[in-house]
Every structure is written in C-alpha cells, then in structure tokens.
Amino acid sequence: MIESASKSTIIGLKEVDFAWHAKANLTIKSGNLCVEEHEHVFIRGASGSGKSTLLNIIGGIVTPQRGQVEIVGQDFCQLKELQRDRLRADHIGFIFQQFNLIPYLSILENVTLPCRFSKLRRANAIERSGSVVEEAVYLLSRLYSKGRCSFHLTTSELSVGQQQRVAAARALIGQPQLIIADEPTSSLDYDAREAFMDLLFDEIKLSGSTLLYVSHDPTHQHLFNRVVDISAINPQQETDL
Amino acid sequence: MNLRSLASKSLKNRRSTAILTIVSIAVSVVLLLGVEKVRVNAKSSFANTISGTDLIVGARSGSIQLLLYSVFRIGSATNNITWESYQDIAQQKGVKWTIPISLGDSHRGFRVMGTSRDYFSVYQYGEKRRLKFSSGTQFEAVFDAVIGSEVANALNYAIGDQVIISHGTGSTSFAQHKDKPFVISGVLEHTGTPVDRTIHVSLAGIEAMHVNWQGAVKKRKASKALTEANLQPESITAFLVGLDSKVVSFKMQRYINEYSSEPLLAIFPGIALHELWSLMSVAEKALLIISLFVVLASLTGMLAVSLAGLNERRREVAILRSVGASHWHIMGLLITETVLLTISGILLGLILLYSGIWLAQPIIEKNYGLFIPITAPNIRELGMVCMLLAASFIVGLVPAYRAYRNSLADGMSIRS
C-alpha cells in the first residue's frame, strides 16, 4: 500500500528497506506508511513483525538502507545524525512498553527531560505555563487526577501504571507534533489500562498532536481514526526480530 | 543540556560503587603526590644540610661515605686524621676557617660530636643560615654539651641536665662514660638538618671522656686533672674547611688529596650531595613507578566498574536517545562521569594527603629528621594531577564508545 504524502504529512515512509546488520535479513522490506497531521493511527502486529524497528526508523535512531523517510516535512535520510537527533527531540514524544523512566531522576526531572534537549519544546512549555516545571506540574496533575503526589520523589516508588502516566507527561511536554506509543499498556492491568488510555486520548486531543500507537492487542483499536496492520506497512517481512 | 548534573545524579544513584572508585583514586593520588612531596622535601633537606663549607676532609675512603659520616652522622669513618695533619692544613694559605669533627660516641641513640667553638659561629646550613641558640650558650667548660632541638624534645632535656655519654654509636651501649657526665649548656634552634639530632661537645670533652680508657674498656688508674690545655686530641674524624676564595678550592682539594703524611680525602659538599642523591634516584624512581602503577590500577578499577554497569544502563541510554540525546550526549555523559569520579578522587586525595601530612609531620620529623611543610601543590604535582585527569578522560572513552556501540545496536529498544 503506497500512500501519497501531502503537505500535512507527519510520517511518510516510501519503499523502505532496513536490516540491523549488513549481513542480516531485512527486517523491513519495501515499507510504506503515511500518517497525516492530527491522525490517531493504530498499528497492529504480532511481536517480531518489525514494529519496534519501524519506530526506530520513524524516530531517526536508525537509517534505512533504501527508501525515503519523511518526518514533519523533513527527509530524514538527507539529514545528518545530529540533525535527526534534534528533529526527534523537537517533534516526537515517545512512550515505551515499560522501563520508561530514568531511575536516578525524580518524577519532575523525568518529565522535563525532553526540554533539556529541545529548545523548541522548552519554549513551548514556557509559553503555555510560564516555566518548564510549571508545565510538567500541570501535565502531571492532569494525569494524576486523584490528588497530587510529591513530584520530587524518585520514580522507583511508583507503580507501573503511575510510571506510564509520568512517561505520557514526558512525551507530551512542549507539545511535540507526534506522539509514538509502543505497547504502553501491555504491563498494566485492565483498570489501569482503561484509565491510562482515557487520559492519553484526552491529552492528545488537547494538545492536537498526531498519535502513532503500536500494539499487538486490538482491544483499543476502536479509539483510533485508522487501524493499519503491520503487514500493510511491511508486506514482505521475512524474518523475526 | 547539563551533562554534569545528569552525570552526578547517575553517580549518586550508584553511590556505593562510585564511592569505592573515588576512594581508590584518592588513595592513588595520596601515594603519587605523597611520594613526590617526600622526594622533593628529602632532596631539598639534603641540599640544605650544609652550606658555606667549601671542602670536607676525612681519611681516604669514598666521597659519599665521608659526606654521610661527617654531615649526616650515618655510618662511621674507617680511619682518623692526625692532629698534626689537621693543624698543618688549617694553617695553609687560603684557608679561612676549619671546624674539626670528632665522632664515635653517642647518647641514647643520638650521636655525640666533638668540635671547636668556631662550629657555632661559622657552620652554615640551608640558605647560608647560621646556628642559633634557643636557650643557653656554647660550651665553655670541658664537660659542657650543646644539644640539637630534636634531642632536647625527644629526651626532654633542658639547660643544666646531665648527659651520660656511651661509647660507640648504638642506641644501647654497655660501655658508658658514667664517671664523666656532661652538663647541657645550650640548646640549638631547630634547623631541619642532622644538627638537630646531635649532641655537641668540645674536642677536649671527647678526649677527657676517654682518659683512662683503652679501646672500649675503662682502666682503673685514676686520672690527673682534666683541663683543656692537657686534653689536646691526637686525632679527629674529619674537618670542614672554609676558603678565602672559591678560586683556590680545586688547588686546595688537590693539595689535600695528595697529602704526603697520610692518605686524606677532600670533597666538595655540593658535588658529594649530588652524587648521594643520584645514588638514591633508583629508589626514588622505583617509588614513582610503584605509585604510577597504583594510579593505573585505580583507573583500571574505574574502567571495570564503568563497563560492568554499562549493560544495566542500556535502557537509560535508550530513554535518553528517545528524548533527543545524540550519541555525543551519551558519550559525553559517560566521559563526564569518569572525569567527575576522578575530580572527586583527586579532591578527596588532596584532603587525605594534607591532613595526613599535618598529622604525620611531627612523627616524620622526629623519626626521620625530614620536615614536610604544608605547601600548595607545585607545578610538577599539578602536572601529575592534570595527567591523571587526562588519563581518566581517555579511560572514560572506552565505556563511552561501548555505550555508543550499544545504542547503535539497540536503538530505542533493548535487543539482546
């Protein structure tokens, strides 16, 4: 499936081939994906189907051997590594499956971490709340609806569900255009999962960000504008990761 | 992005290994700078032991041996110089002054030196400094003694106290000159040289002590009255010579070395000190090499700790990458950590070193006669510290490169 990129394209992958090592089989072969601004896209696929690799390519962490990767209007393959790092810092917020937080930083420090690397997100946060810390406190208080805990605590004292909320606040701070969530609810129980998804969607709608959500579990796919099967993006997948 | 605060928080999180690493670096810094301080001060203390003396004359042996027994009171002479030869040389043209030295006895481990009264007015040490009395005066009577500051401190002696001198130079002696006790007439000020550990008596005193003695055995025969006039020594151990002009020093040295009546040796103290120091330079280098190896061991320890922790930190690196950290940030973080550890180690090391010097100063001075002043690190020491920092930076490159390789392979998800 090849989708044409328009002006409001946030992610545009065209004929992307990628292998982790020169001698390894291709993890992504002829990969194509187009996600437009404000879209909430659910990418469904079994583990080992190349989902994480896809996110690494979109995040500019790795560059494909062939094909075109366009993120927020810029061709990743034409950028130098440091420029890709800056683009990622400015425009993409990530939420992982687990172990999202840096253990030696406090909750607040974890949330404000992207603003240390991105001037743009720092400026956005200051514009919205007056300071980076105020913005972090605002996001955390929205995500912790049942009373505020001390945001100066270390993250090791948090439950997995609470950690995922902190991770969401970190992804959202400074209003990046694209939020990428990699199975963020897989380590949560049912109640926590539902609560987390509600909060995530509320915040995404409020910030107007584009959401790319990757999961093997179709439970929440009804919440999204569009559901794409990984086989549609990576039609000739040959090998497991 | 403040790498330093991130690195220090990361280290705080791993504080037990970080503290151990800091301590091991601190120990190596203490050793490295401690050895250097001892070396420099030992060298300057050596060079400051004697000054203003143009020649040292003794029985023919080795120049270092002569220097050791005449100036440092270490070891003993193989032979004496006859009084006639001494008088002859002392009266040569060009000789400004001479100080005779007569060694061989001791008091509770401190050497006794027989000399003339001129000793107190012409002997110089350090930057041409003269001996000063902290109390009392030079010896007047035959059985008067002048003690160095360390002797006074160690044995708690004051003016008027009696000193019984032992025959021989051991700290315990069975042959004591109990019949002729000396009385302390003066205490010298601290000099930081072997003078502090010496008991000075007149040559007549040395002679008087040995009246009625044959070898190390006391004879029973009663003595006649002991006055300076009838106590002229037959021989002395060595003598120091001051010349009118430096120009004549080589001529005078040759004259003494070719002295026909008996085999003598004249040495320039500066050259002999230099020879002695170069003799010790092997030990000095060995110490330096050992301390360098300790530094190497502590850096290797730091590297091992850093590499061992790297696997557990792959997730941390992945998170940092995901929020926009570049490879340079990751490498910078790891290098900053090792440099922070090293700086902390150096600071702790300096604190330990200086407090150690402060605590050990009196003990070292008492036992080894070496005064180590508390002074700011000199250029060479600062250079050593800078080299240690540079080495830690290089060591930090190893885990930094490994983290870079890991993050290339992992991306944002840990791939085992």
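Residues numbered from 1 in each chain as written. Chains lettered and ligands numbered in written order. Predicted model: local features only at pLDDT ≥ 70, side-chain atom pairs only at ≥ 80, totals over all residues.

Participant: Please provide a residue-by-residue account of the overall build of chain A, values included.
Facilitator: Within chain A, the regular secondary structure consists of eight helices and nine strands. Relative to the globule expectation of 18 Å for 241 residues, the C-alpha radius of gyration of chain A, 17 Å, shows essentially globular dimensions. Its C-alpha atoms give chain A principal-axis dimensions of about 50 × 35 × 35 Å. For chain A, the residues scored as buried account for 46% of the 241 residues in total. (Helix = DSSP H or I, 4+ residues; strand = E, 2+ residues; numbered from the N terminus. Rg over C-alpha atoms; globule rule 2.2 N^0.38 Å. Buried ≥ 20, exposed ≤ 12 C-beta atoms within 10 Å, placed from the backbone.)

Participant: An account of the nonpolar core is requested, with residue identities and associated values reported.
Facilitator: If you look at the biggest cluster of nonpolar residues, it comprises 101 residues, and the most contacted ones within it are I11, I43, A169, I180 and L212 of chain A together with V29 of chain B. Discounting chain neighbours no more than four positions away, the residues touching I180 of chain A are L55, I58, G59, I92, F94 and L212 of chain A. Within the second largest apolar cluster, 58 residues are counted, among which are Y86, Y123, V151 and L240 of chain B. (Core = buried A, V, L, I, M, F, W, Y, C linked by C-beta atoms within 7 Å. Contact = placed C-beta atoms within 7 Å.)

Participant: I'd love a proper account of the sheet that holds strand 7 (residues 178-182) of chain A, names of residues and values included.
Facilitator: Residue and element names in this part refer to chain A. Read across the sheet, five strands follow the order 6-7-8-3-9 without closing on themselves; strand pairing throughout is parallel. Each having just a single partner strand, strand 6 (92-95) and strand 9 (226-229) make up the two edges of the open sheet. Ignoring strand direction, the axes of neighbouring strands in this sheet form an average angle of 20°. As paired elements, strand 7 and strand 8 (residues 210-215) share five bridges and run parallel to each other. When the bridges of strand 8 are listed, I179 appears paired with L211. The sheet strands contacting helix 6 (residues 160-172) are strand 6 and strand 7, and the helix crosses strand 6 at an angle near 170°. (Pairing = 2+ DSSP bridges. Axes fitted to C-alpha atoms, helices over the stretch in contact; angles between N-to-C directions.)

Participant: Explain the interface of chain B and chain A to me, using residue names and the numbers behind them.
Facilitator: With 17 residues of chain B in contact, the opposing surface of chain A contributes 24 residues. When contributions to the side of chain B that touches chain A are tallied by element, the ones reaching two or more residues are helix 1 (3-13) and helix 10 (314-322) of chain B. Take the side of chain B that touches chain A: its biggest share by element is five residues, from helix 10 of chain B. Classifying every residue of the side of chain B that touches chain A by side-chain character gives five nonpolar, seven polar and five charged. (Nonpolar A, V, L, I, M, F, W, Y, C, P; charged D, E, K, R; others polar.)

Participant: Tell me what's going on with the domain arrangement of chain B, and back it up with residues and numbers.
Facilitator: Residue and element names in this part refer to chain B. Taken domain by domain, chain B consists of domain 1 (3-46 + 281-410) and domain 2 (55-267). A straight line from the C-alpha centre of domain 1 to that of domain 2 covers 50 Å. Between domain 1 and domain 2, the residue contacts involve four residues of the former and six residues of the latter. For the side of domain 1 that touches domain 2, the per-class residue count stands at one nonpolar, two polar and one charged. (Domains from an automatic or database assignment.)

Participant: Would you mind going over helix 12 (residues 379-410) of chain B in detail, with residue names and values included?
Facilitator: Residue and element names in this part refer to chain B. Under the 1.5 Å per step criterion, the end-to-end length of helix 12 is 46 Å for 32 residues, consistent within 8% with the ideal 46 Å. Within the sequence span of helix 12, burial applies to M384, L388, S392, V395, G396, P399, A400, A403, S407 and D410. Those residues of helix 12 that are buried lie in contact with helix 2 (15-47), helix 9 (269-310), helix 10 and helix 11 (327-368). Looking one or two residues past helix 12, G411 carries a phi angle of roughly 65°, positive in sign. (Expected span 1.5 Å × (residues − 1).)

Participant: Explain the packing of helix 4 (residues 119-129) of chain A against helix 5 (residues 132-143) of chain A to me, and be specific about the residues and the numbers.
Facilitator: Residues and elements named next belong to chain A. With their axes 8 Å apart at the nearest point, helix 4 and helix 5 run at an angle of 75° to one another. Classified by the angle between their axes, helix 4 and helix 5 sit roughly perpendicular to one another. The segment helix 4 lies against helix 5, with R122, A125, I126, R128 and S129 engaging V132, E134, E135 and Y138. Split into classes, the residues belonging to the contact of helix 4 with helix 5 amount to four nonpolar, one polar and four charged. (Parallel < 35°, antiparallel > 145°, perpendicular 65-115°, else oblique.)

Participant: Please provide a residue-by-residue account of helix 4 of chain A, values included.
Facilitator: Residue and element names in this part refer to chain A. Among all positions of helix 4, only R121, R122, N124 and A125 are buried. One face of helix 4 carries all of its buried residues, which in axial projection span an arc of 160°. Structurally, helix 4 contributes buried residues whose contacts are with helix 2 (81-91), helix 3 (107-117) and helix 5. G130 occupies a position one or two residues after helix 4 and carries a positive phi of about 100°. (Arc of directions from axis to C-beta.)

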